[in-house]
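Chain residues, written in single-letter form:
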Amino acid sequence: MSDREPPRRRVPGPARPERPDARRRPGPGARPARRPAPAPPAARPGGPRSLRLGSPRPRLRMISLALTLVLIAFVVRLLQVQAVDASAYAAKAAQNRYVDYVLAAERGEITDRSGVALATSVDAYTITADPTLFTRKQLKIDDGPEQAAALLAPILGVDQASIVKKLRPANKNLRYVVLANRQTPQVWKQIKDLKSALTTKSGTDPTTVNVLAGVLAVPTTKRVYPNGDLAAGILGWVNADGKGGGGVEQQLNKDLTGKDGKVRYAQSGGLQVPTAGSTETPAVPGSDVELTIDRDIQWAAQNAITEQVKKSKADRGYVIVQDTRTGEILAMANAPGFDPNDLAQANAASLGNAALQDAYEPGSTAKVMTMAAVLQENVATPLTHVVVPNRLHRGDRLFQDDVDHATWNLTLNGVLAKSSNIGTIEAAGQLGKTQAQANEVLYSYLHKFGIGTYSGLDFPGETKGILATPDKWSTSQQYTIPFGQGMSLNALQAASVYSTVANGGVRVEPTLVRGTKGADGRFTPAATPKKTRVISAKTAKTLAQMLESVVDDEQGTGGKAAIPGYRVAGKTGTANRVDPATGKYKGYTSSFAGFAPADNPRITVYCAIQNATSGSYFGGQICGPIYKQVMEFALKTLQVPPTGAKAANLPVTFTP
């Protein structure tokens, strides 16, 4: 026996199933068949048969291809947005994201000669909205505009339907509409409080929406007139568009308006995005305008004429106060007037400036121009005798004076003092060898006094009156124009005539504006007014003495205008009035014009009342007291002392 270990016996394993082609013998050169791998236990004979899993590679290829296509689409779209259409999309984004609004320039103030504000601007808000924030897409409700309008209408005082129309514009892309212009800060506070309450409620109640989220406000200014109706005819008003609608506001609108600025900011949900930045072009405020008006004298004139118009139950009245030396208008009052703060309540007939816009026949206050021509042409003196009959036949008419009288033996001074129409016709007839020549001479003086021409104020709506050339005067006009009928003027022209006499015969164009102060604080004075010599200083002085007789002499018609301590020159007027509605004579124009002190003139006052229907209608009776009241106040305000000199006391009558 060998000590070697005996060889192991190989134990045959279970029989393998024979493959169908196992019995096939390989052909020449064929590779030997690989021995099949042992079957998994489950696949072995006698065990359960299972499904064979497919390869995942095809699926992965399909997913990879799909993802690649999606990424390619994104890349192409990104290239289109970022490169090809970048500018277009940026502009569209900016349009939707950024909001532009105008920064309204602060309108310049209008002040009186002492710097007291007559018209100024205060903080206000223009209430706006973004209509795209009221759509169903934004609010999740269909009646967003209606609900918002119901809340806003009572606060803004605007019709509810008009608000709805603005919040549902035809242009679906419209982002900005104005709901109400120039509202007070209190109005905007009401809206803000309401928006805040709705925001709070919508935060706690999911069924509630803030229908006012799209309501915004743009800071601006509102025009106010601190003194109400004081000088309203001069100042005018500012319309809803922020432009002057009358008076100085319209005349100097360009200077007062300034230049608007602009703000651009990013917004989201109707609110400004503070971190997105904004751009702003500042507004340039308008210039301040300083008038020649004295507020206190304006008040005295306006108060006096308003009371008399009411007392006389007249259509209207005017008072002009002018500095005789400079031509500056110290007051220009109209009655009835209007309050530019509340135009809705104003009477349309009272809007404007009647003292400059009404043309009317002046009556006897115009006789001073006829007398100026007679004296300047040396055809008579204040002492020239004029026999005044009860009636005078000239042309196609029989003329008479306001009072029935026997034959008067008057001086030329007396003709003016007693305001005789007949005596004035006779004096005017001496201006030429023929009536036609006399007409030419008289016309030349009327024209030099400013009748039939604009005053030089360049005021909106001003009339230049009516003065036909002599060749067009009718038969009766040849004799009525010398005493103030048959031609027309405005109140300022009438006042300017007396200022010319008071200024030594030199007419200074009236002025209403002293100058302007720009945003830089620099004051620019108004242009120097034009001056024209109308009559000599000697003639002017003689006329002043004659006008004193109207007030001081017992036979004069202007006794109610006398002022104790002062020498007063003046003239009454009572003219037949043309009714603007019918074009026929109806009622009277009552007036008084004059200056003081007569021997060293400083102030001219003119008063006229149209169609007084209660009490007296004579100019000396209803306008004389107005003249006195306003003149006394002006003399005291400007601290003009009396001269202390005695009046000339020219004779009114003569003994034949």
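Residues numbered from 1 in each chain as written. Predicted model: local features only at pLDDT ≥ 70, side-chain atom pairs only at ≥ 80, totals over all residues. Heavy atoms only, no water.

- Labelled according to an unreviewed UniProt entry, the protein appears under the name Peptidoglycan D,D-transpeptidase FtsI family protein, originating from Streptomyces hokutonensis.
- According to the UniProt record, the Sequence similarities (unreviewed entry) comment for the protein reads "Belongs to the transpeptidase family." (UniProt positions renumbered as here; feature names shortened; annotations may be inferred.)

**Overview of the overall build of the protein**
Okay, step 1: A tally of helices and strands in the protein yields 20 helices and 24 strands.
Okay, step 2: A burial count over the protein gives 45% of its 656 residues as buried.
Okay, step 3: Within the protein, residue pairs in contact and separated by at least 24 positions form 72% of the contacts whose partners lie at least 6 positions apart.
Okay, step 4: Within the structure as shown, the protein displays about 34,900 Å² of accessible surface, and the carbon and sulfur contribution to it stands at 52%. (Helix = DSSP H or I, 4+ residues; strand = E, 2+ residues; numbered from the N terminus. Buried < 20%, exposed > 50% of the residue type's maximum accessible area, 1.4 Å probe, protein only. Contact = heavy atoms within 4.5 Å. Areas by Shrake-Rupley, 256 points an atom, 1.4 Å probe, with all protein chains shown as cover.)

**Structural notes on the side chain of N611**
Okay, step 1: Mapped onto the secondary structure, N611 falls in the loop between β24 (603–610) and α19 (619–622).
Okay, step 2: Residue class for N611 comes out buried when judged on its relative accessible area of 12%.
Okay, step 3: One polar contact links N611 to D315, side chain to side chain, over a distance of 3.3 Å.
Okay, step 4: Other than its neighbours up to four places away in sequence, N611 contacts K313, A314, D315, R577, K586, G587 and Y588. (Polar contact = N/O pair within 3.5 Å; in protein donor to acceptor, adjacent residues only side chain to side chain.)

**Some points on helix α12 (residues 367–376)**
Okay, step 1: Extensive coverage of α12 is indicated by the burial of 9 of its 10 residues.
Okay, step 2: Residues of α12 that are buried: K367, V368, M369, T370, M371, A372, A373, V374 and L375.

**What about the nonpolar core?**
Okay, step 1: Residues V248, L291, M332, M369 and Y606 are the most contacted members of the largest nonpolar core, which totals 90 residues.
Okay, step 2: In terms of nonpolar packing, the next biggest core, distinct from the first, is built from 33 residues, A301, A333, I603 and Y627 among them. (Core = buried A, V, L, I, M, F, W, Y, C linked by side-chain atoms within 4.5 Å.)

**Re helix α17 (residues 491–502)**
Okay, step 1: Between its first and last C-alpha atoms α17 spans 17 Å; for 12 residues at 1.5 Å apiece the expected length is 16 Å, and the two agree.
Okay, step 2: Those residues of α17 not exposed but buried are A491, L492, Q493, A494, A495, S496, V497, Y498, S499, T500, V501 and A502. (Expected span 1.5 Å × (residues − 1).)

**Concerning the packing of α12 against helix α18 (residues 537–552)**
Okay, step 1: In contact at an axis separation of 10 Å, α12 and α18 are set at 135° when each is read in the N-to-C sense. The orientation of α12 with respect to α18, classified from their angle, is oblique. Both α12 and α18 take part in a crossing whose hand is right-handed. Listed contacts from α18 to V368, M371, A372, L375 and Q376 of α12 are T539, T542, L543, M546 and L547. (Axes fitted to C-alpha atoms, helices over the stretch in contact; angles between N-to-C directions. Parallel < 35°, antiparallel > 145°, perpendicular 65-115°, else oblique. Left-handed = near helix turned anticlockwise from the far one by under 90°.)

**Focus on the packing of aromatic side chains**
Okay, step 1: The tally for this structure, following the rule as stated, stands at 8 aromatic pairs.
Okay, step 2: On the numbers, 6.2 Å between centres and 80° between planes, the contact of F399 with F483 is edge-to-face. Highlighted residues: F399 in strand β16 (residues 397–399) and F483 in the loop between α16 (477–480) and α17, separated in sequence by 84 residues.
Okay, step 3: With relative accessibility at 8%, the residue F483 sits in the buried group.
Okay, step 4: Consider the rings of Y617 and F618, whose centres lie 4.8 Å apart with planes at 25°: the pair is stacked.
Okay, step 5: Following the ring pairs from residue to residue traces out a cluster consisting of F399, Y479 and F483.
Okay, step 6: Positioned above the aromatic ring of W408 is the side chain of K418, whose terminal nitrogen or guanidinium carbon lies 4.5 Å from the ring centre.
Okay, step 7: The side chain of K448 reaches across the aromatic face of Y445, ending 4.4 Å from its centre. (Phe/Tyr/Trp six-rings, centres within 6.5 Å; stacked < 30°, edge-to-face > 60°. Lys NZ or Arg CZ within 6 Å of the ring centre and 35° of its normal.)

**Re the sheet that holds strand β12 (residues 316–323)**
Okay, step 1: An order of β13-β12-β24-β23-β22 is seen for the 5 strands of this open sheet, with the pairing classed as antiparallel. Looking at strand neighbours, the two that pair on one side only are β13 (329–335) and β22 (569–578), the edges of this open sheet. Between one strand and the next, the sheet's axes are offset by a mean angle of 10°, whatever the strand orientation.
Okay, step 2: Along the sheet face, α17 touches β12, β13, β22, β23 (585–596) and β24 and points at about 30° away from the line of β12. (Pairing = 2+ DSSP bridges.)

**Digging into the UniProt feature "transmembrane region" (unreviewed entry) in the protein**
Okay, step 1: Here, the residues flagged by UniProt with the feature "transmembrane region" (unreviewed entry) are residues 60–79.
Okay, step 2: Within the segment residues 60–79, helix and strand shares are 100% and 0% respectively, and the terminal C-alpha atoms sit 28 Å apart.

**As for unusual backbone geometry**
Okay, step 1: At the junction of A335 and P336, the peptide bond is cis and its omega measures out at -5° in the coordinates.
Okay, step 2: By secondary structure assignment, the location of P336 is in the loop between β13 and α11 (354–357).
Okay, step 3: One non-glycine residue, R182, lies in positive phi territory at about 45°.
Okay, step 4: Tracing the backbone shows R182 in strand β4 (residues 177–183).
Okay, step 5: The phi angle at K313 is positive, at roughly 50°, despite the residue not being glycine.
Okay, step 6: Tracing the sequence through the fold places K313 in the loop between α10 (295–312) and β12.

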